Amino acid sequence: MYKTRNLPNTRIDVADALRGIAVAGIILYHSVEHFNVFTQDPIIHTLPCDQTVADILAWLLSGKMYGIFAMLFGLSFFIMNDNQQQKGKNFSGRFAWRMCLLFVFGLINVAFYDGDILMLYACYGLLLIPISYLSSKWVWCIITLLAIQPVELFCLMTGITIDHTRVFELYDYTFKLHEHGTFWENAVNNLCNGFELNFRFNVFSGRLTQLLCLFILGMQLGRQRLFYNEGYHLKIWHFILCASSVIVIALSLVDFGNLSIWLTPINHLLILLMIVSAVVSAWYAFEGVRHVFHYLCVFGRIRTICYSPSLVRSSSTAMVSAVTIRWVSPMRS
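Residues numbered from 1 in each chain as written. Predicted model: local features only at pLDDT ≥ 70, side-chain atom pairs only at ≥ 80, totals over all residues. Heavy atoms only, no water.

Chemist: Residues and numbers for the overall build of the protein chain, please.
Modeler: Along its length, the protein chain carries 14 helices and 0 strands. Going from N to C terminus, the protein chain has its helices and strands arranged as α-α-α-α-α-α-α-α-α-α-α-α-α-α. A burial count over the protein chain gives 47% of its 333 residues as buried. In the protein chain, the share of contacts with a sequence separation of at least 24, taken over all contacts with a separation of at least 6, comes to 81%. If you sum the accessible surface of the protein chain, you get close to 16,800 Å²; carbon and sulfur atoms cover 68% of it. (Helix = DSSP H or I, 4+ residues; strand = E, 2+ residues; numbered from the N terminus. Buried < 20%, exposed > 50% of the residue type's maximum accessible area, 1.4 Å probe, protein only. Contact = heavy atoms within 4.5 Å. Areas by Shrake-Rupley, 256 points an atom, 1.4 Å probe, with all protein chains shown as cover.)

Chemist: Tell me what's going on with the packing of aromatic side chains, and back it up with residues and numbers.
Modeler: Across all of its chains, the model carries 17 aromatic pairs by this definition. Their ring planes at 40 degrees and their centres at 6.2 Å tell us that Phe69 and Tyr121 sit as a pair that is tilted. Placement of the pair is Phe69 in helix α3 (residues 65-86) and Tyr121 in helix α5 (residues 118-131), with a sequence separation of 52 residues. Residue classification places Phe69 among the buried positions, given a relative accessible area of 6%. Cluster of aromatic residues (ring-pair linked, three or more members): Phe69, Phe73, Phe77, Phe91, Phe95, Tyr121, Tyr124 and Phe215. Arg225 extends its terminal NZ or CZ atom over the ring of Tyr228, reaching a point 4.3 Å from the ring centre. (Phe/Tyr/Trp six-rings, centres within 6.5 Å; stacked < 30°, edge-to-face > 60°. Lys NZ or Arg CZ within 6 Å of the ring centre and 35° of its normal.)

Chemist: Any chance you could break down the packing of helix α6 (residues 136-147) against helix α10 (residues 207-224) for me, citing the residues and the numbers?
Modeler: Following both chains from N to C, one finds α6 and α10 inclined at 150 degrees, their axes separated by 9 Å at the closest point. Classified by the angle between their axes, α6 and α10 sit roughly antiparallel to one another. Crossing of α6 against α10: the hand is left-handed. Contacts between α6 and α10 involve Ser136, Val139, Trp140, Ile142, Ile143, Leu146 and Ala147 from the former and Thr209, Leu212, Cys213, Ile216, Leu217, Met219, Gln220, Arg223 and Gln224 from the latter. (Axes fitted to C-alpha atoms, helices over the stretch in contact; angles between N-to-C directions. Parallel < 35°, antiparallel > 145°, perpendicular 65-115°, else oblique. Left-handed = near helix turned anticlockwise from the far one by under 90°.)

Chemist: Could you give an account of unusual backbone geometry, with specific residues and numbers?
Modeler: Positive phi, normally seen in glycine, also occurs at Asn6, with a value near 60 degrees. You can see Asn6 is positioned in the segment before α1 (13-32). Unusually for a residue other than glycine, Gln149 sits at a positive phi of about 55 degrees. With respect to the secondary-structure elements, Gln149 resides in the loop between α6 and α7 (150-158).

Chemist: Report on the packing of α3 against α5, specifying residues and quantitative values.
Modeler: Packing of α3 against α5 brings their axes to within 11 Å, and their N-to-C directions diverge by 40 degrees. If you check the angle between α3 and α5, you find them oblique. You can see that α3 and α5 cross each other, and the crossing is right-handed. Contacts between α3 and α5 pair Tyr66, Phe69, Ala70, Phe73, Gly74 and Phe77 from the former with Tyr121, Gly125, Leu128 and Ile129 from the latter. Among the residues forming the contact of α3 with α5, the class breakdown is 8 nonpolar, 2 polar and no charged. (Nonpolar A, V, L, I, M, F, W, Y, C, P; charged D, E, K, R; others polar.)

Chemist: Explain the nonpolar core residue by residue, including any values.
Modeler: One recurring pattern in soluble globular proteins is that nonpolar side chains are buried together. With 70 residues, the main nonpolar core has Ile68, Ile216, Phe227 and Val276 as its most contacted residues. Apart from residues lying up to four places away in sequence, Val276 is in contact with Leu18, Ile68, Met71, Phe227 and Trp237. (Core = buried A, V, L, I, M, F, W, Y, C linked by side-chain atoms within 4.5 Å.)

Chemist: Please set out the pattern of salt bridges residue by residue, giving values where relevant.
Modeler: Applying the stated criterion to the full structure yields 7 salt bridges. In this structure, the salt-bridge partner of Arg166 is Glu196, at a minimum N-O distance of 3.0 Å. With a gap of 30 residues between them, Arg166 in helix α8 (residues 165-180) and Glu196 in helix α9 (residues 183-205) connect regions that are remote in the sequence. Assessed through its relative accessible area of 24%, Glu196 is described here as partly exposed. The shortest N-O distance in the salt bridge between Glu196 and Arg200 comes to 2.9 Å. In this pair, Glu196 and Arg200 both sit in helix α9, 4 residues apart, roughly one turn of the helix. Three or more residues are tied together by salt bridges with common partners; here these are Arg11, Asp16 and Arg19. (Salt bridge = Lys/Arg side-chain N within 4 Å of Asp/Glu carboxyl O.)

Quick look at the structure:
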């Protein structure tokens, strides 16, 4: 069973910078996707480099920014839990209540945006409570099991396929409502189908287990204090950067073929680790990097926001998600 080491959990500026990068990346990439408001109208006034830029953005942001955000969610849980343990208090009940509040915020948010993540975060967050009592040895075992995409691997080994027809039907109906329906028709549809749609999308994209993996990984990185410049921690980040870079380059030369459903999420995870380790390594190595990322630190620390209805879609995916999670579970990170 894990017990606190009674070490001070001072603010981790590089974690704030990473959170700012994740939130900015989510907004940027979702803006390219028009926040799930798709249209059949052709795109005009394009440039020759547009597709190249789109591919680079997809490689860097799609499936990675949400992961950094999820990992930092787990880190924040650890910090709050550890701080309470140092005071001799049990944080489980309080955190469970906050996840209930987060779910309610998500229920409100999903009425405006069908891509809400707050309800899923609330459900996955509750799983952190029993896992937080396990020793680090067992936690690393769980992380490893989830990281290898067990659902997709099982399907490949047994020949079983998951029927994703329902998710495409929901998307088709929802997108048609976005284009032709009223606000109230969209809100009712989102409330009725939004959670199912996002859960099924997580299954389809391989994020079902990867999201929980990143929650737990963030918690474990907090236990190991890897975001602090202590001892040999920077050498560990350098190793992660080198190893993940080599594997990502190797995978880029391979045609995944029928293994795509299994290897693609793993590749996303490796790129995520490459980005995080590069940021942490550069943060502690170069003053200039810290100066530039300072502005993202401010973005990552944001706690309150006022927004108008015209900003609902962008704020729903990133800013409102970030701010709501920060409000429900304030962090000393």
